[in-house]
Amino acid sequence: MSITTFAVAGATGRLGRHVVDVLTERGHEVVPMSRATGVDIITGEGLAEALTGAEVIIDVASWHASDQEAATEFFRTSARNLHEYGQKAGVARIAMASIIGADKATAGFLAAKKVHEELLLSGPLPVCILRAAQFHEFVGQLLDWQQGDVAYVPALPTQLVACRTVAEELVDLATAPAALGTPIPEIAGPRKETMAGAAQLLGARRGVKVVGVDGAGIPDAEIAADGGFLPGPHAKLAGPTFQEWLDTQP
């Protein structure tokens, strides 16, 4: 296997940390790109230097809040900059992580990801996309957002997947991209569950009572309730399950 130099956008984020770990373990050269490493993919600060000598960009940079407009603007700028600076640096391609169901989304963060996919795909560099289910780690975030000892969590169907599992699959795709085009590959966890059910398992550990509610008020709740954000028939399903993952957490 030849050693490839990967520039990872969002390298210090929830998924990015795992991507850097997987690349390093497999013996690749990694250039971590985040504001913490002095690289800003929005302002372009440090970007040209970071991409010098890089062969592949892995884009796992994300917007920190669910506001659709702000997230869309973030992705619009990051996509433009990664293509522009990447092309100048002689990068061969971009691999990005997206979310299962983004193509169906009409509102919220998922709709911003839909625009992100479209913008990256329309740029000059070849792009491969991996759509992932919601991460195991997201469940804790849902509980963190709520104050008090009772949390109300939507009982919407999901097929949660571990960040590490997504990182391994994304690195596989980035190192040996399958034929570009459709269908876009998907990665999800091994079993269907509800967000509320997973939150109850975590809540039991934290001493938080979790009450399952319908998804009213959540963007595209009807699509989610109908299973629109569950993996398709061609998706790769990989463990650990949420419970198995939870058992390994400190």
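So, here is what we can say about the structure in this document.

Reading guide: rules and limits
Residues numbered from 1 in each chain as written. Predicted model: local features only at pLDDT ≥ 70, side-chain atom pairs only at ≥ 80, totals over all residues. Heavy atoms only, no water. Phe/Tyr/Trp six-rings, centres within 6.5 Å; stacked < 30°, edge-to-face > 60°. Helix = DSSP H or I, 4+ residues; strand = E, 2+ residues; numbered from the N terminus. Buried < 20%, exposed > 50% of the residue type's maximum accessible area, 1.4 Å probe, protein only. Lys NZ or Arg CZ within 6 Å of the ring centre and 35° of its normal. Contact = heavy atoms within 4.5 Å. Expected span 1.5 Å × (residues − 1). Pairing = 2+ DSSP bridges. Right-handed = clockwise from strand over helix to strand, strands pointing away.

1. A word on the packing of aromatic side chains
Scanning the model with the defined rule gives 5 aromatic pairs in all. For the pair W63 and F74, a centre-to-centre distance of 5.6 Å together with 40° between the ring planes defines the contact as tilted. Of this pair, W63 sits in the loop between strand 3 (56-59) and helix 3 (68-89) while F74 sits in helix 3, placing them 11 residues apart in sequence. Relative accessible area serves as the criterion here: at 25%, W63 is assigned to the partly exposed category. Centre to centre, the rings of F74 and F75 are 5.5 Å apart; their planes meet at 75°, and the pair counts as edge-to-face. A relative accessible area of 0% places F75 in the buried class. Of the aromatic side chains, those joined through ring pairs into one cluster are W63, F74, F75 and F109. Looking at K88, its charged tip hangs above the ring of Y85, at a distance of 5.7 Å from the centre. For K113, the ring lying beneath its charged end belongs to F75, and the centroid distance is 4.7 Å.

2. Comments concerning the side chain of Q159
Along the chain, the position of Q159 falls in the loop between strand 7 (157-158) and helix 6 (163-175). Those residues in contact with Q159, other than ones at most four positions away along the chain, are A133, A188, G189, P190, R191, K192, L230, P231 and L237.

3. Looking at helix 6
Side chains that are three or four residues apart share a direction in an α-helix, a result of its 3.6 residues per turn. The end-to-end C-alpha separation of helix 6 is 18 Å, in line with the 18 Å expected for 13 residues at 1.5 Å each. Among the residues of helix 6, those classed as buried are C163, T165, V166, A167, E169, L170, V171, L173 and A174.

4. Some details on the pairing of strand 3
Burial along strand 3 is two-sided: the residues V56 and I58 and I57 and D59 are all buried. As paired strands, strand 1 (residues 5-9) and strand 3 are joined by 4 bridges and run parallel to one another. Within strand 3, the position partnered with F6 by the bridge is V56. The pairing of strand 3 with strand 4 (residues 93-99) spans 4 bridges and is parallel. From the neighbouring strand, I58 faces strand 4, where its bridge partner is A95. As for the winding sense of the linkage, the β-α-β connection from strand 3 through helix 3 to strand 4 is right-handed.

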